[in-house]
Amino acid sequence: MFTTSDRLGGMPGQKVALRGWLAARQDRGRLVFVTLRDGQGQVQLVASKQQLGEEELIALRHAPLESALRVWGTVGSVPGGDTVELQLERVEILPSADGFPIGRKEHGPEFLMEQRHLWLRSPRQAAIMRVRSSLEQACCSFLHSEGFFRFDAPLMTPTACEGTTELFELDYFGLPAYLSQSAQLYSEAGIAALEKVYSFGPCFRAEKSNTRRHLTEFWGVEPEMAWVEAEENMRFQERFIRAILAAVAEERADDLRLLEQDPAKLMLPAGGFEVLLYGEALRRLAGKGRVLSWGKDLSVEDEEALSADFDRPFFIYKYPVQCRAFYIEPDARQPELALSSDCLMHGGFGEIITGGQRAADADFLLARIREHGLDETVFSWYLDLRRYGGVPHSGFGMGIERMLRWICGLHHIRETIPFARTPQRCRP
Ligand code: 4AD
Ligand code: MG
């Protein structure tokens, strides 16, 4: 029976077997120290001639870095530390080529991205992937506990959801189709059957923007709720964010520390998330010397400047309708404003969620579809949702990679997903 590196702390003095990869080695003459990496983390192995035998010690000394190993030994404590190590009694080395391309020296991001299939093994990258997995799990668990049903939308669609400029087109047996930008429109069909649904899947955006926060393929979690209006939607987002961050902090504290992040940063201060009206956001930005004319969307830099003043996430609410997608419900008293919000992470980070109340009226929607230059013939199904049993409803979408970038304190979004897709890169 093999165990894993994360369990050894609770097994001092016991004989155990482990499997993993040879991540690093230090040869100290009589003793050889090896860092063994497995799916949960890493542990130090100590090999001596007395305990391991000469032949196996020599083999271990010469095994190429990244060789796969099966090892057996006794768990001991590292002198002067609170970690454990394994005193080796037996080693099996699986064949592996020499010359692992990623070494200890600094490599540039382009090289590392080209070697992404190997880079993923490094302790930092593996920690990020474990945090990602926990974050995804936390989103689904929270929504499930709130009575949501997971509702999977198609990835090949005949329509744009978020505007026509960012579509990847494909040839669907001679007809045009597009990779989905968002599951939202389909989830709106789901709520009339299930009331509360969420999608969890890839979203595609053919934006040529080379920023530290955009991917052309990202993963979205998009809840959609019947009977919920815009303000309740924001309150729900607050509970969602608090819950998923708390769950990740609890499950991945060690990985967060490895990434030099204090897990306590995920426990947000008490008190509600502030709701800033769009007009107020403009005034605050002007106070920072960033003058924006009414009707303009905030830039990345504007969001960063604004969010630097907050110690917890906050909303910008009631954007001008021209800043928003076609499907948003206008404010009844001020129809030039949309019942739509962005949630921004604090500390200079920026947008993490967009959400809002969906337009209820079929005629209004049809007019908006025409205004946006969308093909109305492929939207008749969407208008049916208003014609038959329409209810007030709202929802939102959060990018997993955006949230992960905040959680892990990463400079660039490319490290948040196993294989990033950007305008420059569709490999490996
Ligand atoms: O703001 P977006 O475009 O909103 C929608 O797609 C709505 N249909 C969501 C909804 O109401 N169901 O995208 C939602 C979130 C953004 O807030 C951001 O976190 C992330 O998805 N996102 C991206 N992440 C990485 N790369 C990109 N190019 C992204 N575009 C959006
Ligand atoms: Mg948005």
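Procedures and definitions
Residues numbered from 1 in each chain as written. Chains lettered and ligands numbered in written order. Predicted model: local features only at pLDDT ≥ 70, side-chain atom pairs only at ≥ 80, totals over all residues. Heavy atoms only, no water. Domains from an automatic or database assignment. Buried area = accessible area lost by both parts, 1.4 Å probe. Polar contact = N/O pair within 3.5 Å; in protein donor to acceptor, adjacent residues only side chain to side chain. Helix = DSSP H or I, 4+ residues; strand = E, 2+ residues; numbered from the N terminus. Nonpolar A, V, L, I, M, F, W, Y, C, P; charged D, E, K, R; others polar. Contact = heavy atoms within 4.5 Å. Buried < 20%, exposed > 50% of the residue type's maximum accessible area, 1.4 Å probe, protein only. Pairing = 2+ DSSP bridges. Axes fitted to C-alpha atoms, helices over the stretch in contact; angles between N-to-C directions. Core = buried A, V, L, I, M, F, W, Y, C linked by side-chain atoms within 4.5 Å. Near = heavy atom within 4 Å. Areas by Shrake-Rupley, 256 points an atom, 1.4 Å probe, with all protein chains shown as cover. Parallel < 35°, antiparallel > 145°, perpendicular 65-115°, else oblique.

**Let's talk about the domain arrangement of the chain**
Accessible area lost on assembly of the parts is the figure often given for the size of an interface. For the chain, the assigned domains are domain 1 (5-93) and domain 2 (116-416). Computed over C-alpha atoms, the centres of domain 1 and domain 2 are 45 Å apart. When domain 1 packs against domain 2, close to 390 Å² is buried across both sides, 38% of that on carbon and sulfur atoms. On the domain 1 side of the contact with domain 2, R37, Q40 and E66 bury the most area, a combined 61% of that side's loss. Where domain 1 meets domain 2, there are two residue pairs in polar contact (both at pLDDT 80 or more). At the level of secondary structure, the elements contributing two or more residues to the side of domain 1 that touches domain 2 comprise β2 (31-38) and β3 (41-48). Its residues placed into classes, the side of domain 1 that touches domain 2 shows no nonpolar, four polar and three charged.

**Brief notes about the environment of F310**
Position of F310 among the secondary structure elements: in the loop between α10 (300-307) and β13 (314-317). Those residues in contact with F310 that lie beyond four places of it in its chain are E274, L276, R284, H346 and G347.

**Things to note about unusual backbone geometry**
At the junction of R427 and P428, the peptide bond is cis and its omega measures out at -15 degrees in the coordinates. The topology assignment puts P428 in the segment after α13 (400-408). With a phi angle near 80 degrees, E66 is a residue other than glycine that sits in the positive phi range. Here E66 shows up in the loop between α2 (54-62) and β4 (68-77).

**Quick word on the environment of G350**
Residue position: G350 is located in strand β15 (residues 350-357). The exposure class assigned to G350 is buried, which follows from its relative accessible area of 0%. As a C-alpha pair, G350 and V300 span 50 residues in sequence and 7.1 Å in three-dimensional space. If we skip the residues at most four places from it in the chain, G350 touches R213, E303, S307, C343, L344 and M345.

**Side note on the side chain of S187**
Summarising the element assignment, S187 is placed in helix α6 (residues 184-194). You can call S187 buried: its relative accessible area is 0%. Apart from the residues within four sequence positions on either side, S187 is in contact with F151, V197, S199, E222 and E224.

**Some thoughts on the sheet that holds β4**
Taken in spatial order, the five strands of this closed barrel run β1-β2-β3-β5-β4, and their pairing is mixed. For this sheet the average axis-to-axis angle between neighbouring strands, irrespective of direction, equals 55 degrees. Relative to strand β5 (residues 84-93), β4 runs antiparallel, the two being bridged by nine bridges. Looking across to β5, one finds that W72 is bridged to R90. Those strands touched by α2 are β1 (15-28), β2, β3, β4 and β5, and its axis lies near 95 degrees from that of β5.

**Remarks on the nonpolar core**
Counting residues in each nonpolar core, the largest one holds 48 residues, and the members touching the most others are F240, M398, M403 and I407. Take this core: its biggest share by element is ten residues, from helix α5 (residues 123-145). When near neighbours in sequence (up to four residues on either side) are disregarded, M398 contacts C139, W219, G220, V221, F240, I244, I352, I353 and M403. With 22 residues, the next largest nonpolar core counts L8, A47, V75 and V84 among its residues.

**Notes on the site of ligand 1**
Of all residues adjacent to ligand 1, which total 22 residues, the nearest are E162, Q184, R205, E222 and E351. Here a nitrogen atom of ligand 1 sits 3.0 Å away from a polar atom, N or O, in the side chain of S182. Y327 places a polar side-chain atom, nitrogen or oxygen, 3.3 Å from a nitrogen atom of ligand 1. Within the complex, the protein chains bury 95% of what would otherwise be the 620 Å² of accessible surface of ligand 1.

**Brief notes about the packing of helix α9 (residues 278-287) against α10**
Their axes nearest at 10 Å, the elements α9 and α10 cross at an angle of 85 degrees. What the angle tells us is that α9 and α10 run roughly perpendicular. Along the contact surface, α9 presents A281, R284 and L285, while α10 presents D302, A305 and L306. Considering only residue class, the contact of α9 with α10 consists of four nonpolar, no polar and two charged.

**Regarding the side chain of T74**
Along the chain, T74 turns up in strand β4. A distance of 3.5 Å separates the side chain of T74 from the side chain of K15, its partner in a polar contact. Once residues within four sequence positions are removed from consideration, T74 is found in contact with G13, Q14, K15, E85, L86, Q87 and E89.

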